[in-house]
There are 2 protein chains.
Amino acid sequence: MKLTNDVTEKLGIRYPIIQAGMAGSTTPELVATVSNSGGLGTIGAGYFTTDKLDQEITHVQELTDLPFAVNLFVPSDKLYLPEKVEKMNAWLRPYRRALNLEEPTVNISEEEQFNTAIELLIEKNVPIVSFTFGIPDGAIIDKLKQNHMKLIGTATSVEEAIANEQAGMDMVIAQGSEAGGHRGSFTYVAGDQVPLVGTMSLVPQIVDAVNIPVIAAGGIMDARGLIASMVLGAKGAQLGTAFLTTEESGASTLYKNAIQESKETDTVVTKVFSGKPARGIDNDFIHNMNRYDDDIPDYPIQNQLTNAIRKASAQNGDTKWTHLWSGQSPRLARAVSASTLMQQIIRHTETLI
Amino acid sequence: MKLTNDVTEKLGIRYPIIQAGMAGSTTPELVATVSNSGGLGTIGAGYFTTDKLDQEITHVQELTDLPFAVNLFVPSDKLYLPEKVEKMNAWLRPYRRALNLEEPTVNISEEEQFNTAIELLIEKNVPIVSFTFGIPDGAIIDKLKQNHMKLIGTATSVEEAIANEQAGMDMVIAQGSEAGGHRGSFTYVAGDQVPLVGTMSLVPQIVDAVNIPVIAAGGIMDARGLIASMVLGAKGAQLGTAFLTTEESGASTLYKNAIQESKETDTVVTKVFSGKPARGIDNDFIHNMNRYDDDIPDYPIQNQLTNAIRKASAQNGDTKWTHLWSGQSPRLARAVSASTLMQQIIRHTETLI
C-alpha cells in the first residue's frame, strides 16, 4: 500500500498523517515539527482570539516552510436561557468557592471571531483549514477556495460526510467514537445523542458513500492504526492523543501523565465541561456534574462557565476538576518527541505493507 | 499478509474468519456453510435446551466434516429481587395486554443447563467452544482441554483479555463497541457501565497485552475489516451482522430487512430486552423501557420477562417491540448466501494484501 495518494498530493505533504487540531494543546513547535517531519501539523485555534491566532500562525511560519493547517470551530445554533445559566451557576458554586473564583460573564457570540479568523487565514496565506462542529456558509467556503486554500471537514456519520462533500470540502475526516476531545458532530441521532460510531464501522461506510478522500480518526496511535485505516479505504489518518503526549505538545505534565496512566476503559463522553459532547478521562467533576445533565447550557456557554474552574484545578496540580481529553487508546501513548513519533510511524509502516 | 497463522492452524480451518455465535439466529445450514467455505461456523447455543443443542450439533455434523464451534453463555452472578420483578411486570403489562400474553414464570438457574451442555459437547466431540459473558471454572476448562477441545474466550477490555489468557483460553475475541448483540463483558468500568471500546482502539491494546492470538470483532463486514484487523495485530476476525443477513441465517425476513434498511447511527446499547447490555436497532420498546432502566432485573430474568413480547411482536410482522441486534455497519450487510459472502471476502483480500 502506497503512502502517497490524493490526500498527500492535495495537501502537499509527504505522509498522510495529520496531527489533530487539539484546541488548547497545540504549540507552534508541535505543528511545525509534524509538518517538518512530512505530516500535516494543525494549529488548534478553536478557543483563540484573533491576536493569538495571528501570533501562532506567524510563529509556525517562522519554524516551517511546509504546509500546515488551522482548525476552526464552526459557530453552531445555541440557546441562551438565563434561568439555565443561573441554575448551572448554582451547581458550580461549590467548585468556585473551593477555588476562590467569581462567576464569569458569558459571551455567546462566536460568529464575529469566526469571521475575523477566516479573514486572517486568507491574509496570512494559510494553505489548509479544517473545521469542527459543522460546515461554514457557502460564501465563506467560496472565498477560501478562491484563495486556493484546501478545506477539510469533519464527519461523525455518513450523513455528515455527504453534507461535507456537497458543501465543497476537499476531503473529510471520519471521526470514530474512539476519538478523544470534542465530537465534531453537527447532527443528532437515536436517543437525541450525537453519533458515536466506531472507526472500524464508520470509515468504510463513509468511504462507500462519498467521492472525496476520507481521513480516518479515532483510536489511531501508530503505524498499525494508520495502515488499518488505509485498508478500510481511508487515504490517511488524523492522530490526536498520540501527539498530545509528545514533548512539543502544549498539554501540561499533569495532563500528559493522566493519559499515560490511563486504561482504555477510563474515558467517557460528557457534556459537563463545554456543553458539547467530548471524550475524556472520567473524574470527579464529570461524575458529580453528570447528575445535572439536563441543566447544562449549550456550548459555548457551559465552556465559559467551567473554564476558570478547570484552569484553577489544573494549576493546583489536581486532575479531579479539569478536562482530560483522551481517545480510547491511552495505553499506546508515548512520551517522545513529535519527530520521533512521526519517524516511528513511518518506519513501522514498512513492516506492515 | 498471510491468511494462515496460529489461529487457522489451532482451529484447523483454512481462513481466519469466524461466524459469531448469534444466539437465536444460527442454523445448522449457516454453521456448516461457513465451515465448508473454509471459515469457522458457530452454533449460537446461548438459549438452547440440551435437547435442542444435541439436535443442532448432530445436524451440523451431518452437513460438514470440518471443524465448527459452539458458543455458550457463561452463567453470571445475579440477584433475584421479587419486588423488582413485580415492578418490571407492571411496566410490561401494557405490552402483554396488547399482545394477549400472560406473565411468565421466572427461572434463574443457568448453571445446570451450562454444565449439561459442557458434558454434551464432550460426548459429541465438538472441537471448539467459545464463551460469552465470562470465563468458566477451572475444572470445566481442564476437562474440555483434556478432551482436546480448543477454547475461545471473549473480552471487551484489556483486563478481560488478560483474565482469559490466565484462565487458559487458547485465543481471545476482542469485541469492540461496534459489535451487534450482547456485550461479552464480565467487568464494570467508569460510570458502572460495561466497557465500550472501539475495535480500532481495543485490538492493538489487547494484542500488546496478551500472548495468545487475538480475534477482532465489532464492525467487521468484509475483506477490508478482516485485513484491517490483521494489520492491527489480530490473527483473524469474527463477523456477526454480516452473516445475519445471509440466506442461511435463521433471522426472520422482518429482522434481516430491518438491518438492511438501517443506517450506521441507528443502533444503541440497551439492557431493556435481556438485562444485559446489547447493541441493537433503536425502536419503540427501547425508547419507552429505557425510562425504567433502574428497574430492570438482572439477566436472565429480564430476558425471560420480555421473551414472549418480543416473539409475538415479530410474529405480527412488527419490529417495534422486538430485539433487532445489529452492529454499527448495517450499510455493509448483504442478502447473499453465506458461501458467496465467504468467497467475496476471500477473493477481495487478495486485492488488499
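Residues numbered from 1 in each chain as written. Chains lettered and ligands numbered in written order. Predicted model: local features only at pLDDT ≥ 70, side-chain atom pairs only at ≥ 80, totals over all residues. Heavy atoms only, no water.

Peer 1: Quick rundown of the relation of the copies chain B and chain A? Include the residues and the values.
Peer 2: The two copies are related by a screw operation: chain B maps onto chain A through 180° of rotation and 0.0 Å of translation along the axis, at an RMSD of 0.0 Å. Here the transformation between the copies is reduced to the relation of a two-fold axis. Looking at the rotation axis and the C-alpha trace of chain B, the residue lying nearest is alanine 228 of chain B, at 2.1 Å. (Least-squares fit on C-alpha atoms with pLDDT ≥ 70 in both.)

Peer 1: Can you lay out helix H14 (residues 338–352) of chain B for me, pointing to particular residues and giving the numbers?
Peer 2: What sets the pattern is the α-helix's 3.6 residues per turn: residues three or four places apart point alike. All names here are of chain B. For H14, spanning 15 residues, the distance from its first C-alpha to its last is 21 Å, which sits close to the expected 21 Å at 1.5 Å a residue. Within H14 the residues assigned to the buried category are Ala338, Leu341, Met342, Ile345, Ile346, Thr349 and Leu352. Along the axis of H14, the buried residues cluster in a sector spanning 130°; they form a single face. Along H14, the residues that are exposed and aim more than 90 degrees away from the buried face are Arg347, Glu350 and Thr351. (Helix = DSSP H or I, 4+ residues; strand = E, 2+ residues; numbered from the N terminus. Expected span 1.5 Å × (residues − 1). Buried < 20%, exposed > 50% of the residue type's maximum accessible area, 1.4 Å probe, protein only. Arc of directions from axis to C-beta.)

Peer 1: Now, about the packing of helix H9 (residues 223–231) of chain A against helix H9 (residues 223–231) of chain B: what can you tell me, with residues and values included?
Peer 2: Between H9 of chain A and H9 of chain B, the shortest axis-to-axis distance is 8 Å and the interhelical angle comes to 170°. Judged by the angle between their axes, H9 of chain A and H9 of chain B are roughly antiparallel. Facing H9 of chain A, whose interface residues are Arg224, Ile227, Ala228 and Val231 of chain A, H9 of chain B presents Arg224, Ile227, Ala228 and Val231 of chain B. Considering only residue class, the contact of H9 of chain A with H9 of chain B consists of 6 nonpolar, no polar and 2 charged. (Axes fitted to C-alpha atoms, helices over the stretch in contact; angles between N-to-C directions. Parallel < 35°, antiparallel > 145°, perpendicular 65-115°, else oblique. Contact = heavy atoms within 4.5 Å. Nonpolar A, V, L, I, M, F, W, Y, C, P; charged D, E, K, R; others polar.)

Peer 1: An account of the sheet that holds strand S10 (residues 267–270) of chain B is requested, with residue identities and associated values reported.
Peer 2: Each strand in a sheet pairs with its neighbour through backbone hydrogen bonds, running either in the same direction (parallel) or in the opposite one (antiparallel). All names here are of chain B. If you trace the 3 strands from one edge of the open sheet to the other, you get S7-S11-S10, paired in antiparallel fashion. Looking along the sheet, the strands with just one partner apiece sit at the ends: strand S7 (181–182) and S10. Direction of pairing for S10 relative to strand S11 (residues 278–281): antiparallel, over a ladder of 4 bridges. Among the inter-strand pairings, valine 268 is bridged to a residue of S11, identified as glycine 280. (Pairing = 2+ DSSP bridges.)

Peer 1: An account of unusual backbone geometry is needed here, citing residue identities and associated values.
Peer 2: All names here are of chain A. For the bond running from tyrosine 299 to proline 300, omega is 0°, close enough to zero to count as cis. With respect to the helices, strands and loops of the structure, proline 300 is situated in the loop between helix H12 (284–289) and helix H13 (301–315). With phi around 55°, asparagine 125 is a residue other than glycine that occupies positive phi space. Taking relative accessible area as the criterion, asparagine 125 reaches 63% and is therefore assigned exposed. Even without being glycine, histidine 148 reaches a positive phi, approximately 65°. The topology assignment puts histidine 148 in the loop between helix H6 (138–146) and strand S5 (150–155). Residue histidine 148 is classed as exposed on the basis of its relative accessible area of 69%.

Peer 1: Now, about the packing of helix H2 (residues 28–36) of chain A against helix H3 (residues 50–63) of chain A: what can you tell me, with residues and values included?
Peer 2: All names here are of chain A. Where H2 contacts H3, the axes come no closer than 9 Å and their chain directions differ by 40°. Judged on the interaxial angle alone, H3 and H2 are oblique. Where H2 crosses over H3, the handedness of that crossing is right-handed. Across the interface between the two elements, Pro28, Glu29, Val31, Ala32 and Asn36 from H2 touch Glu56, His59, Val60 and Leu63 from H3. Of the residues in the contact of H2 with H3, the class split is 5 nonpolar, 2 polar and 2 charged. (Left-handed = near helix turned anticlockwise from the far one by under 90°.)

Peer 1: Summarise the sheet that holds strand S5 (residues 150–155) of chain B; cite the residues concerned and give the values.
Peer 2: All names here are of chain B. Across the sheet, which stays open at both edges, the 8 strands sit in the order S1-S9-S8-S6-S5-S4-S3-S2 with parallel pairing between neighbours. Both outer strands of the open sheet, strand S1 (17–19) and strand S2 (41–44), are each paired with one neighbouring strand and no more. Shown here is a sheet whose adjacent strand axes are inclined to one another by a mean of 25°, direction ignored. Looking at chain direction, strand S6 (residues 171–175) and strand S8 (residues 214–217) are connected through 4 bridges and run parallel. Paired with glutamine 175 across the bridge in S8 is alanine 217. Against the sheet, H9 engages S1, S8 and strand S9 (236–239), with an angle of about 140° to S9.

Peer 1: If you had to explain helix H7 (residues 158–167) of chain A to someone new, which residues and values would you point to?
Peer 2: Residue and element names in this part refer to chain A. Along H7, the residues that are buried comprise Val158, Glu160, Ala161 and Asn164. All buried residues of H7 fall inside an arc of 165° around its axis, so they share one side. Looking one or two places after H7, you find glycine 168, whose phi comes out positive at around 100°.

Peer 1: So what's going on with the pattern of salt bridges? Which residues, and what values?
Peer 2: Enumeration according to the criterion identifies 24 salt bridges over all chains in this entry. The salt bridge partner of glutamate 119 of chain B is lysine 143 of chain B, with a shortest N-O separation of 2.6 Å. Placement of glutamate 119 of chain B in helix H5 (residues 111–123) and of lysine 143 of chain B in helix H6 (residues 138–146) is noted, with a sequence separation of 24 residues between them. We classify glutamate 119 of chain B as partly exposed; its relative accessible area is 38%. Its relative accessible area of 34% is what places lysine 143 of chain B among the partly exposed residues. Between aspartate 266 of chain B and lysine 263 of chain B there is a salt bridge, and its shortest N-O distance comes to 3.7 Å. Taking relative accessible area as the criterion, lysine 263 of chain B reaches 37% and is therefore assigned partly exposed. Salt bridges sharing partners connect three or more residues here, namely Asp208 of chain A together with Asp222 and Arg224 of chain B. (Salt bridge = Lys/Arg side-chain N within 4 Å of Asp/Glu carboxyl O.)

Peer 1: Quick rundown of the environment of tryptophan 321 of chain B? Include the residues and the values.
Peer 2: Residue and element names in this part refer to chain B. Counting through the fold element by element, tryptophan 321 comes out in the loop between helix H13 (301–315) and H14. The class of tryptophan 321 is buried, set by a relative accessible area of 13%. Through-space distance from the C-alpha of tryptophan 321 to that of isoleucine 286 is 7.9 Å; in sequence the pair is 35 residues apart. Among residues more than four places away in sequence, those in contact with tryptophan 321 are Tyr95, Ala98, Leu99, Phe273, Asn283, Asp284, Phe285, Ile309, Arg310 and Ser313.

Peer 1: I'd like to hear about the nonpolar core, residue by residue, with values.
Peer 2: If you look at the biggest cluster of nonpolar residues, it comprises 141 residues, and the most contacted ones within it are Ile206 and Phe243 of chain A together with Ile206 and Phe243 of chain B. Those residues in contact with phenylalanine 243 of chain A, other than ones at most four positions away along the chain, are Ile17, Ile18, Gln19, Met22, Leu30, Val34, Ser249, Ala338, Leu341 and Met342 of chain A. (Core = buried A, V, L, I, M, F, W, Y, C linked by side-chain atoms within 4.5 Å.)

Peer 1: Just give me the short version of the pairing of strand S9 (residues 236–239) of chain A, but keep the residues and values in it.
Peer 2: Residue and element names in this part refer to chain A. Judged by which residues are buried, S9 turns out to be covered on both faces: Gly236 and Gln238 on one side and Ala237 and Leu239 on the other are all buried. Two elements, strand S1 (residues 17–19) and S9, share 3 bridges in a ladder whose sense is parallel. Each residue of the ladder has a partner; that of isoleucine 17, found in S9, is alanine 237. Pairing between strand S8 (residues 214–217) and S9: 3 bridges, direction parallel. Counted as the bridge partner of alanine 216 is alanine 237 from S9. Once the chain exits S8 it traverses H9 before rejoining the sheet at S9, and the crossover so formed is right-handed. (Right-handed = clockwise from strand over helix to strand, strands pointing away.)

Peer 1: I'd love a proper account of the interface of chain B and chain A, names of residues and values included.
Peer 2: With 41 residues of chain B in contact, the opposing surface of chain A contributes 40 residues. Buried surface at the junction of chain B and chain A, both sides included, amounts to about 3100 Å², of which 61% is carbon and sulfur. The three residues of chain B that bury the most area against chain A are Met200, Gln205 and Arg224 of chain B, which together make up 22% of that side's buried surface. Between the two partners, chain B and chain A, sit 2 salt bridges. Aspartate 208 of chain B is paired through a salt bridge with arginine 224 of chain A; the nearest N and O atoms lie 2.9 Å apart. Counting the contacts that link chain B with chain A gives 18 residue pairs in polar contact (both at pLDDT 80 or more). Those elements that provide at least two residues to the side of chain B that touches chain A are helix H7 (158–167), helix H8 (199–209) and H9 of chain B. No other element matches the 8 residues that H8 of chain B contributes to the side of chain B that touches chain A. Split into classes, the residues belonging to the side of chain B that touches chain A amount to 19 nonpolar, 14 polar and 8 charged. (Buried area = accessible area lost by both parts, 1.4 Å probe. Polar contact = N/O pair within 3.5 Å; in protein donor to acceptor, adjacent residues only side chain to side chain.)

So yeah, pure geometry; function would need other evidence.
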